Structures are given as C-alpha cells and as structure tokens.
Amino acid sequence: MAKSSSSDAQALIRSLRSAYAATPTNLKIIDLYVVYAITTAVIQIVYMGIVGSFPFNSFLSGILSCVGTAVLAVCLRIQVNKENKEFKDLSPERAFADFVLCNLVLHLVIMNFLG
Amino acid sequence: MAPDHGSFGLGALICALMLICPAASIRPISDAHRSAALELFVPVDGLFPSLEETYHALRTFLILGVGETSEINRATCPVVLEKLKSPSSSPKGFYDALRVNSILGCQIGSETLEDVASQLRDLIKGADSLMDFYYSVIGLLHVKGQGVSAVLSDAQGVFHSIKALSQSDGRWRFDSNNAESSTHAAGIALEALAGVVSLADGEVDQSKIGIVKHDIVKLFDSIKSYDDGTLYFHEKHIDGSEYEGPLATTASVVRGVASFAAVVSGKLNIPGDKIFGIAKFLLTIGVPGISKDFFNQIDSLSYIENNRISIPLILSLPSTVLSLTTKDQLKVEVTTVFGSAAPPLTVNLVQTSTSEVKNTPTVENQELQFDQENNIHYLDIVPLKIDIGKYTLKFEISLHDPENLNIYATGGRMQYLVFLTGYVKVDNPQIGVLDTDGESSASLVKLDFSKLDKVSLVANHLQKMRLSFQLVTPLGHTFKPHQVYIKLRHEGRVEHIFQLESSARQYKIQLDFLALLEQIYYLSGRYEIELAIGDAAMENSFLHILGHIDLTLPDPPEKVSRPPPQSVDRYSRFGPKQEILHIFRTPEKRPPKELSFTFLGFTLLPLGGFLIGLLTLGVNLKGFPSSSLPALSSILFHAGIAATLLLYGLFWLKFDLFTTLKLLGLLGVFLVFTGHRTLSYLASTSTKTKTN
C-alpha cells in the first residue's frame, strides 16, 4: 500500500512537471516572480521571529509589500493567460499597465507606512 | 497736558479721600507748605521754563513769605524786558511779562511801559474773545501798578463787551462763536470786569454792576459739594483736550469773585457758608505735589484770606489722639486759612458721640478755655469722665463781637474724629483644665501678668482647657477690644488661633480637645499658650506667653490630614525646589547591527534567485522595439519606472508626502504618456504577428 502511494505521488509530480513545462514562458516568469516575493516575505517573518516585532509598522510594511506584489502578479497571470475565456478581450499590454500602476500605488503606501 | 491730567488725578484722589474719612481734620497753611513750595518751585540758573511758571513760583513765594528771589530777578528780568520791547508780542505775552514784573520790580523805562500801555489799549479796542480782553485789561492794570498812568477811555464799552459773553446761568463763553459756556471762563471774566472798573476814568454804570452781582449769585448756585461739606466748582461740559480740574476751576472763580467784590461798593449776596466750604475744599487738598495745583491752592486761599465777602475761620485739632494716662488736654486752634489770628471768640464742644461703649455719658455743651499766649482753646478731659474709645466731637464757634458775623464765616457745626486712649487692666484672669463633667474649679489657677510666671498644665483629649478674665478701662467699665485671641503653638511649629467669646462681664474660652482633635491634627506634645489683646484705644496692647500645656491625644486614624509643612526659614520658599524625576518609557531592545545586516543580505538572495531563474527560462530582450521612436518610448518608460522607485527611496529617506506626491504626479503623467506609446506599439506589433 505505501509503496503504491509513494509511486502514485511520484507519478503525480512527474505529470505536474511535464504539464508545467508546457506553460508559456511569460507565465513562468510571472510564477517565478511570485515565488521570489513569497520567499522574501518568509525571510522577513523568520527575522521577526528572531528579533521581535518592535517597529511593528515596518514589519507589516515589508510583509504586505511582498504579499501585495505577489497578489498583483497572480492577477496579472490570470489576465494574461490565454486559456482564460473571461479575459479574452483584455489585451496583455493593458493588464501589464494595470499591474505596473497598482504596484506603484502599493509601493507608495508601503514607503509611507515604513517609517 | 500733563498738569491737566495731574489735576484730574488730584481731583479723583481728593474724591476718594473724602469718601474714606468723612470727619477728617483740616489744618491751615503751615510750614509744611512753605518747605514744599521751596522743593516744588526750583529754578534752573534763576530761570523757570516759562514766564507763566515764573509768575506761579514768585506769587507762591510772596504769599508764603519764603524763597530767595535775587537770582531769579537777575536771570528773568532780561527775558521780561525783551518780551515787553518786542513788537510782535501777543496779549498773553504782555500779560505774562507784566505780572512777573509786578513782583520782581525790574528796571523798565517808563517809555517802554507807556508804549506797552498804548499797545494794550489798541488790543482792547480790537479784542473780541474773552481771553484777549482778559490779558489786555489785566496787563494794563499791572502797568498802572508800576506807576505809569493807564486809563481806559471806553470803560463802559469794554464792560459791555465782556458782559455780552455771559450766559443766563452765571457762566461765561470764551468767545461769541463758541456756544458752550464754562465756569472757568466766568472766573476770568469777573477778574477782567474788576480790572475794567479799576481802570475806568469815571463811574461804571451801577445797574450793570448790579446785573453782574446777580450773575455771581447765580454762579454760586451751581456749586457742587462732597459728603463732608466741602464745596467746589466744576465744569458742566468737560472737553477732553481742555480739561481743567475742580481745583483750577474753583481757583479761577475765587479769584474773579474776590477781585470783583474788592472793587465794587456794596456787598455781594453770597452766604459765608459757601466761602467756608470752598476754603475747606482748598485746605483738605493738603500739600499738592504739582506746581500748578500748588499755585492755584495758595493763590486762591490768599484771595479768600482777605476777601470782602466773608473770611472763613478754620478750626483745627493739632492732635487727634489724647491719652487719659498722661492726662492730655483737648486742644483746638481757630485761625484764618493762613494761620493768622482770629477775632475774639469762644469754642463750644457741643456734643461727643461714640458708637462703642454705651454706658458712658456723652458730654454736652462744654465751653473751651482760651490760652492767650499760645492762641489755643483747651479743655481738660479727665474731669469729664469720658472713657477710652473713638469719639466724634462736634464744635461750634461763637464770635464775641456781633459785627464780626458780617466779616467772618465760622462754618457752623464741625465734627472731628478723636481717639481717647488709656491703660486697660486685666482683672481676675483664670486658667485651668476641666474634666468632661465640666466642673473642677479646684485646678483653676489665677494668673498674674505682672509677675511673668508661666503655668504648666496637663490634659488629655477628654478634658477641656478654660481661660477667663475681665478687661477694665481706667474708669472702671468693661472694655471690649478689637482683638482678643489665644494661640496654641505645638513645639514651635504648628499654630492654632482661637477667638475668645465675650459675655456681658468677662471674656472666656473653653477649648474642648475632643472636638478639636482633627483641627490640631492629633498632635500630642507640648503646646505653648499665648494670649493677644489689642485695640486702637488701648495703650498697653500685649502678647503674653501664659505658659504651656502638655496634651496627650490618641493616635490619628488613617484618613486624618497631615499638618501643613512649616517652613523653617521665612525665605526658604524662594530657594530651589525639589528636583522632579521624570519617568520615561524604557526604550525597546533592538537587535545587534550584525544580525540586521545579515538578514538584509538574506532578503536580497531571493532577488538573485529570481534573476538566475529568469536566465534559466531563457528570457531574452528580442521583443524590445528596434525602430527609434518606440525604442525611445520604451527606454523612457523603463527610466520613468526606475525614477519612481528612486523617488520612493528618497521619500523614505528624507522627503515628506507632499513633495513626493508632487513629483509623483509629474512622473506619473510622464509614465502614462510613454507607457501608452510603448504598450500600444507592442500591442499593434503583436496583433500584426497574430494576423500574419
């Protein structure tokens, strides 16, 4: 039983990998960006865990900047993905422009909150 | 302006003083005035600031009989001469110079004086305002006084012109254009009219003089009074810029009326009481501190001293505190305003009254005896059996010669405040400690103030301390002084003061320690007992330490108040105070710098990972536009985004939100523009490849 489950898991991972290889490059870039943002957030959480959350506003600011930009990247991915029928009429350039604008606004707020 | 404000201030001060002491004693002009005059009128190198002030000083010195005028003579005569010789002098200039000269007696040639006289006559012919008439007429009068003949040819006409400016209420206007009348002007006009009558070569129409006499009586109807019977003149309409206080106005009227009464025949119909009231007003000022007020006071009193209407006789008390112990006599002086002798008269003490001790008979109708040598009326008080206290004495003067009633004014009944002091004896003083049931007179101790023995008492909180005594005046009556207090002082620091109650015959106090526990802060120990008795009529007011009492009190309960902290040194509260230690929030513990920088490095690692991942994915810049304009747009777009991020960095480091938003707005517009160009170019190329 255990052996079959582990081999099932391996088969699952292999199929995921091959399916993922088929995704277009631009979506992969966006996924990489999201991973980067989340990793930065995790490192900040680990740091807070060590030294305590004294300037709490700074901590929140850092975390929310990472999380916020990750969320915006996810939105961009949804809008750019050609397989999404909902956003067929929305050009990827327009989505990218929205992404840039929202990021700029997010980072202005973050910088103000950083203190 | 300053003297006017001074007069006003003086008037207000006089008003306040009147309200405070209604029966204040007035004194005639004395040496205090003479020395004050020498201090007020001080010439600089023999000169005063103006001829007007020179006249004030000289006239004051002349009336009081003080002052050295030789230096003033030497310095001022040239000024006077110059003024008289100058062709462009105004009437006021002639007037000032001539009246100074009338006192100094400078060597002025008779041609100059005759020239001045003819100029003045011309000025009188052409005069139309009251002041012009006044200066010219009085100037001419002074010229006549120097020995040069000066006669007014058209005296009737001048009299008529001056009289034309009068009003129906006895006041005068300054000129025909000015509708408002003034009391001050009335005084000036009367003086001018008196001058005209003296300078006339014939008789002035008696009917006109009669009308002026009538006007004077009307003027006196407008006299004002204070509560204590002083009378004064004041303006009805007060013009702010030309304000003359009551002193200046009264002085002007006195001068005018007295001058007029001196030159006309027959008597003026003014009651002597009014003159007396005015004299009282002038004397109650005391010694004025401003030279103009001083001059006005002395000058008007000099006119009153010798006036033809009635001369006031002033009754004054040299001393208002009389002692029964030294058997003082009540002394009274009756003189004229300048202290000259009065005609033969008798002073009657009509009544004494007091508000305090009720069982003393009030004295009535005592005649004072006269001491010819010292010019003093006196009365022995001891035979009158008056007790100590504060009294209001009423006096009345009766002249021996009934003819003198027409010449002198005695002022009716005058009242004065007098203190009679004496030695008060403390009778039968007893102090002791009583138990709760009230009576334990065996422990009452008789005190003897003459001996300075101190008593020693012991009490606890359930007992009472009792002190009683009687106060007896020299005549044997019970006395109630203003202050009767007992003070308990705990070990030289905390003090408690209690007032003694007075019954019909004695003073006593009973300190119930049970009720007083909280007031004395439950402090046990030795308390020093002090007795204070004082009054204005007592010659032996005292503060005696009677002894001490040792109090045993229970422990204070929780909520009792502490006694107020007693300062050891009277000035210790001005010294530095205790330092205040502020408690600040302890700052948070921060991590060591190395740890922070390490994690900064860790945070940058994912960025590196991201870039490596991008390279792995095979990212390229092939899609970057090649033709110039789109390429430029793309470069500018990326530059704009970089600039925005740089702006955010600066915002964190030093900018404030307003600056940032301003710059962001500019960058934003730029970004929108370039971004739109770039992305639309990219979009169009991608649709082209799609359709292709």
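Residues numbered from 1 in each chain as written. Chains lettered and ligands numbered in written order. Predicted model: local features only at pLDDT ≥ 70, side-chain atom pairs only at ≥ 80, totals over all residues. Heavy atoms only, no water.

### Topic: the overall build of chain B
Put simply, the rule reads: A helix here means a DSSP run of H or I that spans at least four residues, while a strand means a run of E at least two residues long, and both kinds are numbered starting from the N terminus. For every residue, the accessible area (1.4 Å probe, protein chains only) is compared with the maximum for its type, and the residue is labelled buried under 20%, exposed over 50%, or partly exposed between those bounds. Should any heavy atoms of two residues lie within 4.5 Å, those residues are counted as being in contact. In short, Shrake-Rupley with a 1.4 Å probe defines the accessible areas, and a residue's cover is counted only from the protein chains shown.
Assigned secondary structure in chain B consists of 18 helices and 25 strands. The 692 residues of chain B split such that 44% are buried. Nonlocal contacts in chain B, meaning residues at least 24 apart in sequence, comprise 70% of its contacts between residues at least 6 apart. Only carbon and sulfur atoms are counted for the fraction: they give 56% of the accessible area of chain B, which is about 36,600 Å².

### A word on the pattern of salt bridges
Residues and elements named next belong to chain A. So the rule is basically this: Here, a salt bridge means any side-chain nitrogen of Lys or Arg that lies within 4 Å of a carboxyl oxygen of Asp or Glu.
Scanning the model with the defined rule gives 19 salt bridges over all chains in all. As a salt-bridge pair, Asp-98 and Arg-94 come within 3.5 Å of each other at their nearest N and O atoms. Of the two residues, Asp-98 and Arg-94 are both situated in helix H4 (residues 92–114); the distance of four residues between them amounts to about one turn of the helix. A relative accessible area of 48% means that Arg-94 is categorised as partly exposed.

### Overview of the nonpolar core
All names here are of chain B. For clarity, the cut-off: We define a nonpolar core as any set of buried Ala, Val, Leu, Ile, Met, Phe, Trp, Tyr and Cys residues linked to one another through side-chain atoms lying within 4.5 Å.
Core analysis: the biggest nonpolar cluster contains 166 residues, and Ile-162, Trp-172, Leu-315, Phe-395, Phe-469 and Ile-549 have the highest contact counts within it. Broken down by element, this core gets its largest block of residues, 11 residues, from helix H9 (residues 183–199). Excluding residues that lie within four positions of it along the chain, Leu-315 makes contacts with Ile-26, Val-332, Glu-333, Val-334, Val-347, Phe-395, Ile-397, Met-414 and Tyr-416.

### Observations regarding the UniProt feature "transmembrane region" (unreviewed entry) in chain A
Where we set the bar: UniProt positions are given in the numbering used here, feature names are shortened, and annotations may be inferred rather than shown by experiment.
Feature annotation in UniProt assigns "transmembrane region" (unreviewed entry) to the following positions: residues 32–50, 56–76 and 96–114 of chain A. Counted over residues 96–114 of chain A, helix gives 100% and strand 0%. Its end C-alpha atoms are 26 Å apart.

### Focus on helix H18 (residues 657–691) of chain B
Put simply, the rule is: A helix is expected to reach a length of 1.5 Å times the quantity of its residues less one.
Between the first and last C-alpha of H18(B) there are 47 Å, a value that for 35 residues agrees with the 51 Å anticipated at 1.5 Å per step. Taken together, the buried positions of H18(B) are occupied by B:Thr660, B:Leu664, B:Leu667, B:Leu671, B:Thr674, B:Gly675, B:Thr678 and B:Leu679. Where H18(B) is buried, its residues touch H4 of chain A together with helix H17 (628–653) of chain B.

### Some remarks on the sheet that holds strand S21 (residues 494–499) of chain B
All names here are of chain B. As a reminder of what qualifies: Following DSSP output, two strands are said to pair if at least two bridges run between them. Each axis is a line fitted through C-alpha atoms, taken for helices only over the stretch in contact, and angles between the N-to-C directions span 0 to 180 degrees.
Strands sit in the order S18-S25-S24-S20-S21 across an open sheet of five strands; the sheet is mixed. Two strands close off the open sheet at either side, each with one partner strand: strand S18 (455–460) and S21. The average angle at which neighbouring strand axes cross in this sheet is 25°, direction not considered. Summarising the sheet, strand S20 (residues 483–490) and S21 pair through six bridges and their orientation is antiparallel. If you follow Lys-487 over to S21, its bridge partner there is Ile-497.

### Considering the pairing of strand S13 (residues 389–399) of chain B
Pairing geometry for strand S9 (residues 345–353) of chain B and S13(B), over eight bridges, is antiparallel. Counterpart to B:Leu345 in the pairing with S13(B) is B:Leu399.

### A few points about the packing of helix H2 (residues 31–40) of chain B against helix H3 (residues 51–64) of chain B
Residues and elements named next belong to chain B. Our working definition: Every angle not falling under 35 degrees, over 145, or within 65 to 115 is termed oblique; those three ranges are roughly parallel, roughly antiparallel and roughly perpendicular. Crossing handedness follows the turn of the near helix against the far one: under a right angle anticlockwise gives a left-handed crossing, and clockwise gives a right-handed one. Note that Gly is not counted as nonpolar here; it falls among the polar residues with everything else outside the nonpolar set of Ala, Val, Leu, Ile, Met, Phe, Trp, Tyr, Cys and Pro and the charged set of Asp, Glu, Lys and Arg.
H3 packs onto H2 with a crossing angle of 155° between their chain directions and a minimal axis gap of 10 Å. Between H2 and H3, the interaxial angle falls into the category roughly antiparallel. For the pair H2 and H3, the sense of crossing is left-handed. Residue-level contacts link His-33, Arg-34, Ala-37 and Leu-38 of H2 to Thr-60, Phe-61 and Leu-64 of H3. In terms of residue class, the contact of H2 with H3 is made up of four nonpolar, two polar and one charged.

### Regarding the packing of aromatic side chains
Basically, it comes down to this: Any two rings among Phe, Tyr and Trp, with Trp reduced to its six-membered ring, count as a pair given centres within 6.5 Å; such a pair is stacked if its planes are under 30 degrees apart, edge-to-face if over 60, and tilted if neither.
What the rule picks out here adds up to 19 aromatic pairs over all chains. An angle of 20° between the planes, with centres 5.4 Å apart, marks the rings of A:Tyr36 and B:Phe610 as stacked. Pair noted here: A:Tyr36 is in helix H2 (residues 25–51) and B:Phe610 is in helix H16 (residues 593–617), and the two residues belong to different chains. Both rings, one in B:Tyr134 and one in B:Tyr135, keep their centres 5.7 Å apart while their planes meet at 55°; by these two values the pair is tilted. Taken individually, B:Tyr134 and B:Tyr135 each receive the classification buried, so the pair is uniform in this respect.

### Examining the interface of chain A and chain B
The test is simple: Accessible area, probed at 1.4 Å, shrinks when two parts are joined; the buried area is that loss added up over both. Side-chain atoms alone can form a polar contact between residues adjacent in sequence; in general such a contact is a pair of N or O atoms within 3.5 Å, and within protein one must be able to donate a hydrogen while the other accepts it.
Each partner contributes to the interface: chain A provides 27 residues, whereas chain B provides 31 residues. Summed over both sides, the interface of chain A with chain B buries roughly 2,600 Å², with 84% coming from carbon and sulfur. On the chain A side of the contact with chain B, A:Phe54, A:Glu93 and A:Leu108 bury the most area, a combined 22% of that side's loss. In this structure, the connection of chain A to chain B is made through zero salt bridges. Where chain A touches chain B, the interface holds three residue pairs in polar contact (both at pLDDT 80 or more). Within the residue set of the side of chain A that touches chain B, elements represented by two or more residues are H2 and H4 of chain A. Among the elements that line the side of chain A that touches chain B, the one with the most residues is H2(A), at 13 residues. A class-by-class count of the residues in the side of chain A that touches chain B yields 19 nonpolar, six polar and two charged.

### Remarks on the sheet that holds strand S8 (residues 329–335) of chain B
Two pairing modes exist for strands in a sheet, parallel and antiparallel, and in both the strands are linked by backbone hydrogen bonds. Residues and elements named next belong to chain B. Strand order in the open sheet made by the four strands is S6-S8-S12-S11, with antiparallel pairing throughout. Two strands close off the open sheet at either side, each with one partner strand: strand S6 (314–316) and strand S11 (369–371). For this sheet, the mean angle separating the axes of adjacent strands, direction not counted, is 30°.

### A look at unusual backbone geometry
Residue and element names in this part refer to chain B. Of note in this structure, Asp-45 is not a glycine but carries a positive phi near 55°. Looking at Asp-45, the relative accessible area reads 65%, which means it is exposed. Positive phi is not limited to glycine here, since Tyr-522 has a value of about 60°. Overall, the relative accessible area of 15% leaves Tyr-522 in the buried class.

### Quick notes on the pairing of strand S24 (residues 525–534) of chain B
All names here are of chain B. Counting buried residues along S24, seven of its 10 residues qualify, which places the element largely inside the surrounding structure. In this sheet, S24 lies alongside S20 in antiparallel orientation, the contact comprising eight bridges. Bridge pairing in S24 places Val-484 opposite Ile-533. Bridging between S24 and strand S25 (residues 542–552) involves nine bridges; their strand directions are antiparallel. Residue pairing in the sheet places Ile-533 in a bridge with Phe-542 of S25.

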